[in-house]
Amino acid sequence: MDTIALEGGFTDTPRTASHAFRAVMTAMAHPGRIVEITGAAPPAPLSVAAGTVILTLCDPETPVHLAGACNAAEVRDWIAFHSGAPMAEPGRAMFALGAWDAHDLTAYPVGTSEYPDRSVTVIVEMPDLRSDGARLTGPGIKDTAFLSLPDLDVFRDNAARFPLGLDFLFTCGSRLAALPRTTRVE
Amino acid sequence: MYVAVKGGERAIDAAHQWLAEERRGDTDVPEMSVAQIREQMRLAVNRVMAEGSLYDPDLAALAIKQARGDLIEAIFLIRAYRTTLPRFGASRPVDTDAMAVERRVSATFKDLPGGQILGPTFDYTHRLLDFKLAAEGEAPVAGRADTGVGHVPHVTGFLNREGLIEEQPSSDDTPPDLTREPLELPANRALRLQALTRADEGFTLGLAYSTQRGYARNHAFVGELRIGAVEVEMDIPELGFAISIGEVTLTECETVNQFKGSKTEPPQFTRGYGLVFGQTERKAISMALVDRALRWEELGEDNVGAPAQDAEFVLYHSDNIQATGFLEHIKLPHYVDFQSELELVRKLRRSAGAQDLQEAAE
Amino acid sequence: MTEQSYNFAYLDEQTKRMIRRAILKGLAIPGYQVPFASREMPTPYGWGTGGVQVSAATLTPDDTFKVIDQGADDTTNAVSIRRFFERTAGVAVTTKTSEATVIQTRHRIPEEPLTEGQILVYQVPIPEPLRFLEPRETETRKMHALEEYGLMHVKLYEDIARHGHIATSYAYPVKVEERYVMDPSPIPKFDNPKLEMAAIQLFGAGREQRIYAIPPYTGIVSLDFEDHPFEPTKADHPCGLCGAADSYLDEVITDDAGGRMFVCSDTDYCESRRAQGHRGKDAA
């Protein structure tokens, strides 16, 4: 493990994590809304937002799947050192992290009818994140919201199997937006 | 003139001060030390450690002092403290074969290797108040015989050799942790035993007694009851081997229960198991009986609908901290809910009254 | 003053992460009860251990915290919980609904409409709306999975057959986004219409180890029948102190000769109105 792995964690975990969580919660409660989230300084190619989400929500109890370019030795070492989260195959993960094309969404658990919460939270690293494009409606959205989603059909299908489904966090730099399974996309 | 009640904060402070004064009692009587409780109220300390799920006689004694002798309150103090402790790891399973036994009795054999050791028991005391204890200053000394403490084999082992009792293969699986994961049913035996060992003694006793009286009777014999200290060992990855980190006193009860046999298995005895911190015989025997009753499904027995067979019922209601909290919370203000009920009852009575009038008119 | 011997907001970070994950899944599946490994808190089960754990995982040092019990800031348990977080999290506290960013409540929703950015944390005794119809968790979990809520409708209809009305006056069940039947905690049914709000609602049941949530602007329907529509009811009086006709009222016995008066259960609402000059018939 080189020194990169040892750096870039939270400096004041209780307080940093509390602010970071509130950012994620605000995003999850208001699908499509873009929030700022900072605290971690992860190694490339991870964004600040994705690294902060990992340190806020992941620990030895949450298997993490790294997809594509995110599955790099520096990233694995950094996550292991700062969160203790074990790496996992897609089918056993609670969190999955990678660029949109790197995710094999069909491999992620979507929960069971008795425990729909046992589904993967997918963190999608985005080259760009804007409040335009797909039109969003559903819980958490007053009238409509807009978000530059990488696809439409995938999210429509995801919403259609509610209460099962995946929940998405989109990250770009220090910005984050969420799309839970309840959001209708058009 | 009505003024909304204020001053909750002052009331709480005053109540706490009063509580502290009551705790101390008459100051002409010397204050009791934690060490005195630890040494002279040891069975109370044991119960608090067992149901508090934390082996620390000093803290348990402190909790009893703070709780003014209310053992469930003391258990609560220990539980709340326990959750804040960091976890360094898990011990190896303790080896009760290697227990330094202080007491060991078997009801199933007159004599057996390792012998019957009566130990410090109330069993054959005559329950006559001993007024000598009211006088102070006595320090009785018991004679000591060499009991040849060492490896004491388990009674169930003798039966096992003949194939007369069900096999209980050991397992290296990590058991679930009731205090770190939400309870989920069906619960495996390891989880059930974990719940039972910290279950309320009175609740467990009542359930066990109900099985003896016929609510899922399981014909239990105390194959063996042993009490003594065992070493607690922990693997230290940096060292590559296990070291002893201390010792704990445990009570272990293995019951030998009847079983008719099935198509695939010849008639043989079955087991119930109890293992509890400290000298806690009543609890360990109760635990073994309830454990055995809960095993009806895996042993192919009938569910006769007895409370002790119902894992969901037993596990959801055995914890005295959960139970006492929910029970006692009904003394908290509920006047908002009560008001809504009051309005409803008045409305229902008005409708009923109107209907009666109408019927009378017709 | 924060107590240094405990972590910020009392709970250790691993516990907070576990609760935070449950809250997020709760928001993603509105009305579904997420199991969580509730910890043994220094206050008894039944005194709001679920709400306290949710608040502890939600609060930041910048928050302004309000606690109400039965609508009042000054009831002893509200005082005790507020003090707990003053000591362990060093947060600012308030009794003003509009100034609070996080409000922990037992049995009431404030009268003043909550706004975006506010969080309402409920203390929940029995999170399972079907529990009194079916005591087994293994059964009720299946019923939710299969969306099998017939038993609940039968119960409500039996009330109508027997009493002419639905005989549930608090903890009145609701359906969330046309999917999960949910217990809104023992709020009076008067408060049910307020469940559709701009704030985030989080529900914590400590002893029963469940967390659930309602995002802002989520569709909430109180269960009813076409011929017996849901009715939010309250005592048919104005507040004796502030004269409000739109607030939920406590009935206070004033003497042993049948004397009584009705006052707002929401103490902040009542005080704010009196500060604005509103007076009820019993006001000095």
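Each remark here, short or long, concerns the structure printed above.
Source: prediction; values computed, not measured. (Residues numbered from 1 in each chain as written. Chains lettered and ligands numbered in written order. Predicted model: local features only at pLDDT ≥ 70, side-chain atom pairs only at ≥ 80, totals over all residues. Heavy atoms only, no water.)

Caption draft 1: Seen up close, the overall build of chain B. When you go through chain B residue by residue, the secondary structure sums to twelve helices and four strands. Since a compact globule built from 362 residues should have a radius of gyration of about 21 Å, the 26 Å found for chain B marks it as more spread out than a globular shape. Overall, the C-alpha framework of chain B stretches about 85 × 65 × 55 Å when taken along its three principal axes. When the 362 residues of chain B are sorted by exposure, 38% land in the buried category. Counting every atom, chain B has about 21,600 Å² of accessible surface; 56% of that belongs to carbon and sulfur. Across chain B, the mean location of the 39 positive side-chain charges is 3 Å away from that of the 57 negative side-chain charges. (Helix = DSSP H or I, 4+ residues; strand = E, 2+ residues; numbered from the N terminus. Rg over C-alpha atoms; globule rule 2.2 N^0.38 Å. Buried < 20%, exposed > 50% of the residue type's maximum accessible area, 1.4 Å probe, protein only. Areas by Shrake-Rupley, 256 points an atom, 1.4 Å probe, with all protein chains shown as cover. Lys, Arg positive; Asp, Glu negative; His and termini not counted. Charge placed at Lys NZ, Arg CZ, Asp CG, Glu CD.)

Caption draft 2: Focus on the interface of chain B and chain C. At the junction of the two partners, chain B supplies 47 residues and chain C supplies 64 residues. Here glutamate 231 of chain C ties to lysine 347 of chain B by a salt bridge, and the two come within 2.9 Å at their closest N and O atoms. At the boundary of chain B with chain C, the tally comes to 22 residue pairs in polar contact (both at pLDDT 80 or more). Mapped onto the side of chain B that touches chain C, the elements with two or more residues apiece are helix 1 (8-24), helix 5 (71-82), helix 10 (311-317), helix 11 (320-328) and helix 12 (335-361) of chain B. Looking at the side of chain B that touches chain C, its residues break down into 19 nonpolar, twelve polar and 16 charged. (Contact = heavy atoms within 4.5 Å. Salt bridge = Lys/Arg side-chain N within 4 Å of Asp/Glu carboxyl O. Polar contact = N/O pair within 3.5 Å; in protein donor to acceptor, adjacent residues only side chain to side chain. Nonpolar A, V, L, I, M, F, W, Y, C, P; charged D, E, K, R; others polar.)

Caption draft 3: Seen up close, the nonpolar core. By size, the foremost hydrophobic cluster in this structure holds 86 residues, and its most contacted members are Met25 of chain A together with Ile23, Leu27, Phe85 and Leu202 of chain C. At nine residues, the largest contribution of residues to this core is made by helix 2 (residues 13-29) of chain A. Every residue in contact with leucine 27 of chain C, bar those within four places of it in the chain, is listed here: Met25, Met28 and Ala29 of chain A together with Ile200, Leu202, Ala213, Ile214 and Pro215 of chain C. (Core = buried A, V, L, I, M, F, W, Y, C linked by side-chain atoms within 4.5 Å.)

Caption draft 4: Broad picture of a nonpolar patch on the surface. Together, Leu239, Phe241, Ile243 and Ile245 of chain B give the surface a local cluster of nonpolar side chains, amounting to about 370 Å² of exposed area. Position of phenylalanine 241 of chain B among the secondary structure elements: in strand 3 (residues 241-257). (Patch = residues over 30% accessible without salt bridge, like charges linked within 9 Å, V, L, I, M, F, W, Y side chains within 5 Å.)

Caption draft 5: Molecular detail of the sheet that holds strand 10 (residues 220-222) of chain C. Residues and elements named next belong to chain C. Strand order in this open sheet of three strands is 7-6-10, and the pairing throughout is antiparallel. Edge strands, defined here as strands with exactly one partner in the open sheet, are strand 7 (180-182) and strand 10. Direction aside, neighbouring strands of the sheet carry axes that sit 30° apart on average. Judged from the three bridges that link them, strand 6 (residues 174-176) and strand 10 form a sheet pairing that is antiparallel. Directly across from valine 176, in strand 10, lies its bridge partner isoleucine 220. (Pairing = 2+ DSSP bridges. Axes fitted to C-alpha atoms, helices over the stretch in contact; angles between N-to-C directions.)

Caption draft 6: Highlighting the sheet that holds strand 9 (residues 184-185) of chain A. Residues and elements named next belong to chain A. Across the sheet, which stays open at both edges, the three strands sit in the order 6-5-9 with antiparallel pairing between neighbours. Of all the strands in the sheet, the pair left with one neighbour each is strand 6 (145-147) and strand 9. Pairing geometry for strand 5 (residues 134-137) and strand 6, over three bridges, is antiparallel. Each residue of the ladder has a partner; that of alanine 134, found in strand 6, is leucine 147.

Caption draft 7: Layout of the pairing of strand 11 (residues 249-253) of chain C. Residues and elements named next belong to chain C. Extensive coverage of strand 11 is indicated by the burial of four of its five residues. As paired elements, strand 11 and strand 12 (residues 260-264) share five bridges and run antiparallel to each other. When the sheet's bridge partners are listed, valine 252 is paired in strand 12 with methionine 261. Two successive antiparallel strands, strand 11 and strand 12, enclose a turn made up of six residues, where glycine 258 displays a positive phi of approximately 85°.

Caption draft 8: Structural context of the packing of helix 7 (residues 189-197) of chain B against helix 9 (residues 281-294) of chain B. Residue and element names in this part refer to chain B. Contact geometry of helix 7 with helix 9 gives a least axis separation of 10 Å together with a crossing angle of 150°. Between helix 7 and helix 9, the angle is such that the two are roughly antiparallel. Considering the relative orientation of helix 7 and helix 9, their crossing is right-handed. Note on element contacts: helix 9 touches helix 7 through Lys283, Met287, Val290, Asp291 and Leu294, opposite Arg189, Arg192, Leu193, Leu196 and Thr197. (Parallel < 35°, antiparallel > 145°, perpendicular 65-115°, else oblique. Left-handed = near helix turned anticlockwise from the far one by under 90°.)

Caption draft 9: Highlighting the pattern of salt bridges. Enumeration over the complete set of coordinates arrives at 61 salt bridges over all chains. Residue aspartate 167 of chain A is joined to arginine 181 of chain A by a salt bridge in which the shortest nitrogen-to-oxygen separation is 2.7 Å. Placement of aspartate 167 of chain A in strand 7 (residues 167-172) and of arginine 181 of chain A in the loop between strand 8 (175-179) and strand 9 is noted, with a sequence separation of 14 residues between them. Here arginine 181 of chain A falls in the buried class, since its relative accessible area comes to 0%. Here glutamate 147 of chain C makes a salt bridge to arginine 179 of chain C, at a shortest N to O gap of 3.7 Å. Highlighted residues: glutamate 147 of chain C in the loop between helix 4 (137-145) and helix 5 (150-163) and arginine 179 of chain C in the loop between strand 6 and strand 7, separated in sequence by 32 residues.

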